[in-house]
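Each chain, written out:
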Amino acid sequence: MLLRTKLRPRAFRLAAYRPTRFNSEIPFLRIQDGTFYKKYPTAEDPSNPPLFPNLNFTLPGIHIDGAVKAAPPQHWAIIGPSGRTDLLHILRGQHICIPPNARSYPYLLTDEIADKDPRLRVVENAVQYVGFSGEGSGAIGGTRGAYLSARYESYREETDWTVLQYLRGQTSLNPMEGDEQGTLHDENLLQQTISGFDLRNILDLPVSSLSNGQTRRARIAKAVLSKPELLLLDEPFMGLDPVAVKKISGILHELAKRHAPRLVMALRPQDKVPDWITHIMVVGNSNKVLLQGPRAAIDDTLNVWSYVANKSKRGGDSLPEQQTQILKKCEADLKAGVLDAELLGDLVAHTNPIKSLEVYASLGGEPVIDMEGVRVQYGDKVILGDWQQKVKDERKDGLHWRVRRGQRWAILGPNGSGKTTLLSMITSDHPQAYGQPVKLFGRSRLPEPGKPGISIFELQSRIGHSSPEIHAFFPRQLSIRQALETAFAETFLSKPKLNIERDLDISAILQYFGPLLDPNYTPSKVANNISTARLPLPSLTKQTHVKLDKYALLDHIVGYADEILFGELTTAQQRIVLFMRALVAKPDIVILDEAFSGLSAAQRNRCLHFLDKGERAKVRASNVTRMEVDLRFSGLTEDQALIMTSHVAEEIPDSVRYYMRLPSPAGTPNPLDFRFGILQSKTSLRHPQTWEAAWSPPDAFVEHARRTWRRKQHTLPVQDISEFEWWSI
Ligand SMILES: Nc1ncnc2c1ncn2[C@@H]1O[C@H](COP(=O)(O)OP(=O)(O)OP(=O)(O)O)[C@@H](O)[C@H]1O
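- Going by the annotation in an unreviewed UniProt entry, the name recorded for the protein chain is ABC transporter domain-containing protein, with Penicillium flavigenum given as the source organism.

## Description of the pairing of strand 17 (residues 408-412)
1) Next: Most of strand 17 sits out of view: five of its five residues are buried.
2) Next: Both faces of strand 17 are covered, namely the face carrying Arg408, Ala410 and Leu412 and the face carrying Trp409 and Ile411.
3) Next: For strand 17 and strand 21 (residues 641-645), the ladder comprises four bridges, and the chain directions are parallel. Bridge pairing in strand 21 links Trp409 to Ile643.
4) Next: In this sheet, strand 22 (residues 658-661) lies alongside strand 17 in parallel orientation, the contact comprising four bridges. If you follow Trp409 over to strand 22, its bridge partner there is Tyr658.

## Notes on the sheet that holds strand 6 (residues 127-130)
Adjacent strands of a sheet pair through backbone hydrogen bonds, lying either parallel or antiparallel.
1) Next: Within the open sheet, the six strands sit side by side as 6-7-8-3-9-10. Their pairing is mixed. Either end of the sheet is taken by a strand with one partner, and the two such strands are strand 6 and strand 10 (289-294). Here the strands of the sheet are splayed against their neighbours by 15° on average, with no regard to which way each runs.
2) Next: Sheet topology note: the strand 3 (residues 76-79)/strand 8 (residues 262-267) ladder contains four bridges and is parallel. Its bridge partner being in strand 8, Ile79 is matched across the sheet by Leu267.

## Considering the pattern of salt bridges
1) Next: Tallied over the full model, the rule gives 34 salt bridges.
2) Next: Of the charged contacts in the structure, one is a salt bridge between Asp505 and Arg632, with a shortest N-O distance of 2.6 Å. Taken as a pair, Asp505 in helix 18 (residues 500-512) and Arg632 in the loop between helix 24 (601-613) and strand 21 lie far apart in primary sequence, 127 residues in all. Judged on exposure class, the residue Asp505 and its partner Arg632 are both buried.
3) Next: Residues Asp673 and Arg675 are paired through a salt bridge, measuring 2.6 Å at the closest nitrogen-oxygen approach. Both residues of the pair, Asp673 and Arg675, count as buried.
4) Next: Three or more residues are tied together by salt bridges with common partners; here these are Glu366, Arg405, Arg443, Glu458, Arg462 and Asp588.

The rules behind these values
- Residues numbered from 1 in each chain as written.
- Predicted model: local features only at pLDDT ≥ 70, side-chain atom pairs only at ≥ 80, totals over all residues.
- Heavy atoms only, no water.
- Buried < 20%, exposed > 50% of the residue type's maximum accessible area, 1.4 Å probe, protein only.
- Helix = DSSP H or I, 4+ residues; strand = E, 2+ residues; numbered from the N terminus.
- Pairing = 2+ DSSP bridges.
- Axes fitted to C-alpha atoms, helices over the stretch in contact; angles between N-to-C directions.
- Salt bridge = Lys/Arg side-chain N within 4 Å of Asp/Glu carboxyl O.

Spelled out as structure tokens, the structure:
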């Protein structure tokens, strides 16, 4: 029904759309029937497939003097699974273009550019690319220590410049004459950019100590300061908190409107496209452009695609006759493999309704984490716990918080509010963790009278942890299986303590994630190869026989994990492996710090399913059974606690019933304050209203939220509810 009313005849504009050029206009960039290659193509080299064969694309430049301003500015988003980054590189003049003159930058040859700054005639100067494949402050040249805690040390080295020095371009140890104060000489622009990107409070910090979101903001700001003519942003919003996304999107729009600079951004298929984007290109598999044109026409096409994606759910609902052309093209693309169910699902994911499930919060068992006034500071600057909480009817300084077995918590908070720092108090990756009033499993880090302290090795074995910092430091040379085995080792590279049970657990999880990691995965591979017939094990006792049988069977299916190195995986696949690593040892506490960032919707959903249900498949092919092999993972248990951080609502499973929101860093305009509480039943953080409430400033928050009182004690352990102040949202 939705479809019939929503589909408007304007969908047909798409078929007629060709990248056009107004006569009065000189294009900034023109690609006419260009085909691109990573290396110079030769007939003998099959490893060098063409990228975007016969690509056509025009980005408007300027209107020449006196011309009627007929064409409004175009703001492009390039959406797709992986080829989107290649496309941005092509736009910045990289990759070999055949024929060579198929790609040109006419606007850069105009007098206007020569008068403005002759250096801009060179494409590398005029076009800036900002990508974020290297996470963390290391991406902007921050110090990278040999160990995770290095990020939290506040030592400074000569090369560890401050944010202000970085923005000013004051990062050379031997600057050229005149550049001693930096390469940036436009003070006005610097001040505007600092305000726009909310960087004023962190100007004096060494770049190595920035949080992930702060690093991203600083990198985009730096690119803007270099005054390019065209700025290419690869997933600019990933890792930014929802408030920052809105703000930075607004700033980017202002810049793009003034062509200062022009903007093209690449987004993942499931990302929300900013309202001000006027043109969209959808890139499919095998570097093929599937759709290209004005936004309204693309939206209409996606509406038809949504129909295809949800056909089975919609039952007999048929498509109006006039839309069949788009439908047929979609089906042809699916058949050709340039479009697939995963990409289709991701592109239309936002059209799926959110189901209201009746989910209750687990009361929780014994406490596994107790914080009694945690306050972390560097010098005079308190970065966590700079507030008071009402505890047992008294106002107390610092963070007071308790997590019990079986509880699932989301830690929310703006970039730089201290989420990662908070988690590092639990994992003890932070040097200040030892001195803080934190009890883990009822024990302090340091010994107390009559109670030994809890050692780092015991902690590591009881906590499963995935984070961008672990990702940055994780050894690339390990195979996928070895990467998972490190969950049973004391350090990334020490010898893991393995046994048959643990091996089987690793194999089971590898099997479950085979579809996302094994390039040769086919469902039939699983079905056909589970057979004991070819595995003679004559001389073994019956019991060992059974165990080895299972082992050998699974080993066969998960052989891929011995062959593929962690470093050979895509960034998203590496994140999946680190997620698996956090769960494989069935730890008491699972900590997922932005664990799903960068994953496609399908990859993320498989991980979320594993958290909730383990290997229990939603729909299992009728002939695939785990005959001899029992299910070893059935989702997180009542004994395990989950603590996760994310800036994306869809990444938080419905089973998360508790939230904590950390306040904005000091000096932020319209700051958020500290709250924690429980989610009302029939809602989850995926519901826009609840999500909005969680991120609303204090006035709006108290209007939406309700104090949770003792009478509601059935939803919380009595002791906790009378001890702390809870807000249900
Ligand atoms: N040496 C230091 N001196 C002063 N401030 C520091 C230092 N190291 C870190 N900080 C600040 O500590 C704060 C907490 O950072 P943290 O990484 O915990 O934030 P986060 O909430 O995880 O952010 P994001 O959402 O961006 O990942 C940041 O504002 C950071 O700038």
